[in-house]
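So the chains spell out like this:
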Amino acid sequence: MDLHDDAAGAKEHACAEIASCESLEDLDSIRIRYLGRKGALTLLLRKLGQVDPEARKSAGKLLNEARDAIASLLESRKQELRERKYASDLSAGSIDVTLPGRIFSIGKLNPVLRVMDEILQIFVGMGFTPVEGPEIETEYNNFDALNFPPGHPSRDEHDSFYVDGGFCLRTHTSPAQIRVMKSQPPPVRVVVPGLCHRRDTPDASHLMSFYQIEGLYVDYDVSLAHLKGTLAAFAREVFGEETRVRFRPHYFPFTEPSAELDISCLVCGGKGCRLCKRTGWLEVLGAGMVHPNVFRQVGYDERKVTGFAFGMGVERLTMLKHGIGDIRLLYENDSRFLKQF
Ligand code: DAH
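Numbering of residues begins from 1 in every chain and follows the order in which that chain's sequence is written. Local features are withheld for residues below a pLDDT of 70 in this predicted model, meaning they are given only at 70 or higher, and side-chain atom pairs are given and counted only at 80 or more; totals for whole chains, interfaces and linings count all residues. Values shown for side chains rest on all heavy atoms present in the structure; no hydrogens or waters enter the calculation.

Student: Hey, could you run me through unusual backbone geometry in this one?
Tutor: What is expected of a backbone is that most residues other than glycine have negative phi and most peptide bonds are trans. A cis amide bond links Pro186 with the next residue in sequence, Pro187, at an omega value of 5°. Of note, the bond from Glu256 into Pro257 is cis; its omega dihedral lies within 30 degrees of zero at -5°. Here Pro257 is to be found in strand β8 (residues 255–264). We note that Arg278 has phi near 65°; this positive angle belongs to a residue other than glycine. Three labels apply to residues, based on accessible area from a 1.4 Å probe with only protein chains included: buried if under 20% of the type maximum, exposed if over 50%, partly exposed otherwise in between. Looking at Arg278, the relative accessible area reads 60%, which means it is exposed. Helical segments are the DSSP runs of H or I of at least four residues, strand segments are the runs of E of at least two, and each set is numbered from the N terminus.

Student: In this structure, what is going on with the packing of aromatic side chains? I would like to understand it.
Tutor: Given two aromatic rings, one states the distance between the centres and the angle between the planes to describe the pair. Aromatic contacts are taken between Phe, Tyr and Trp rings whose centres are within 6.5 Å, Trp giving its six-membered ring; a plane angle under 30 degrees counts as stacked, one over 60 as edge-to-face, and the others as tilted. Following the criterion strictly, the structure yields 12 aromatic pairs and no others. For the ring pair Phe337 and Phe341, a centre distance of 5.2 Å and an interplane angle of 65° mean the geometry is edge-to-face. Comparing Phe337 with Phe341, the two get one shared label, buried. Through a chain of ring-to-ring contacts, the aromatic side chains of Phe123, Phe128, Tyr217, Phe234, Phe308 and Phe310 assemble into a single cluster. We count a charge as sitting over a ring when the NZ of a lysine or the CZ of an arginine lies within 6 Å of the ring centre and within 35 degrees of the ring normal. Over the face of the ring belonging to Tyr217 we find Arg189, whose NZ or CZ atom lies 4.9 Å from the ring centre.

Student: I keep staring at the packing of helix α1 (residues 3–20) against helix α4 (residues 53–92) and nothing clicks. Help me out?
Tutor: Helix packing for two helices is described by the angle between their axes and how far apart those axes are. Think of each axis as a best-fit line through the C-alpha atoms, taken over the contacting stretch in the case of a helix, with angles from 0 to 180 degrees between the N-to-C directions. Between α1 and α4, whose axes approach to 9 Å, the crossing angle comes to 5°. Considering the angle they form, α1 stands roughly parallel to α4. Facing Leu3, His4, Ala7, Ala10, Lys11, Ala14, Cys15, Ile18 and Ala19 of α1, the residues of α4 in contact are Ala55, Ser58, Ala59, Leu62, Leu63, Ala66, Ala69, Ile70, Leu73, Leu74 and Arg77. Charged residues are taken to be Asp, Glu, Lys and Arg, nonpolar residues to be Ala, Val, Leu, Ile, Met, Phe, Trp, Tyr, Cys and Pro, and polar residues to be all remaining types, Gly included. Of the residues in the contact of α1 with α4, the class split is 16 nonpolar, two polar and two charged. Small angles under 35 degrees read as roughly parallel and large ones over 145 as roughly antiparallel, with 65 to 115 read as roughly perpendicular and the rest as oblique. When checking whether two residues touch, look at their non-hydrogen atoms; a contact exists if any pair is within 4.5 Å.

Structure below.
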């Protein structure tokens, strides 16, 4: 057996057949006969194993070259035959070139995801790094480590879907704070986008599954002024230069002090209207200074480090930005609605 001769012979035959082939169907059967699973070249390649090692290298090279040459000839002949068929169909009138083309509708990102990207970009511009956490969290990270002890009334507002073995679907992105701080020493400056789930009944402003973006900044000299400056800069970028912000005292277990951030009403500018319920302000997110108990849980020295955190609902921000009155519209997949963004 001489593989060299066989390879050269197979290549020669194949080339001749391809050159004289006149139809795409015949061309395909040539391909199968030479390169298919039981094709001539394939069988020769399989025999390589039986050739003694000395000769194997050169025979292998030759066979591979033959295979590649046949494959490329097949391809170029296919192109020629296709063009020829197209030209003859065209002149025979079986292709109507005056028919309008097919219209493809091109999809695009849901407005929620676009607002999420925009928000992340703003924080990246301020030196925050995006990271992610898992949607199935330990109850410990989701609650206990964030200073919600078992039985704490704040847990009720975050009623979750529980998974056996001490896990639950995360009710907020805050547990990522625990993961990040446990994995590295300060300074920490991260934003965490992600889907959250709560055992809630959907209505115009609630969904069972929704996106949040968490922010966390920890270092040795972080103050409430940094928090306010950061969030004010963020609000002006998303909602416009003229936007004013205020902190309203609030309670979160994992921050002290805690606040909610309001922006001046996007419709009335602060005079009072229906959207802002005559208050002149719209609530956009929760924030605060990281609670010392949280630092203790992750092994940071709570006497030395300080930090701020914030968390926002991305659907809520999308609704404010685009003037959408019902959160459910965002996920009904009604293209008449989605086309507007
Ligand atoms: N995790 C809170 C929630 O889902 C939002 C939040 C409030 C996050 C204050 C924070 C924060 O990081 O500091 O309701």
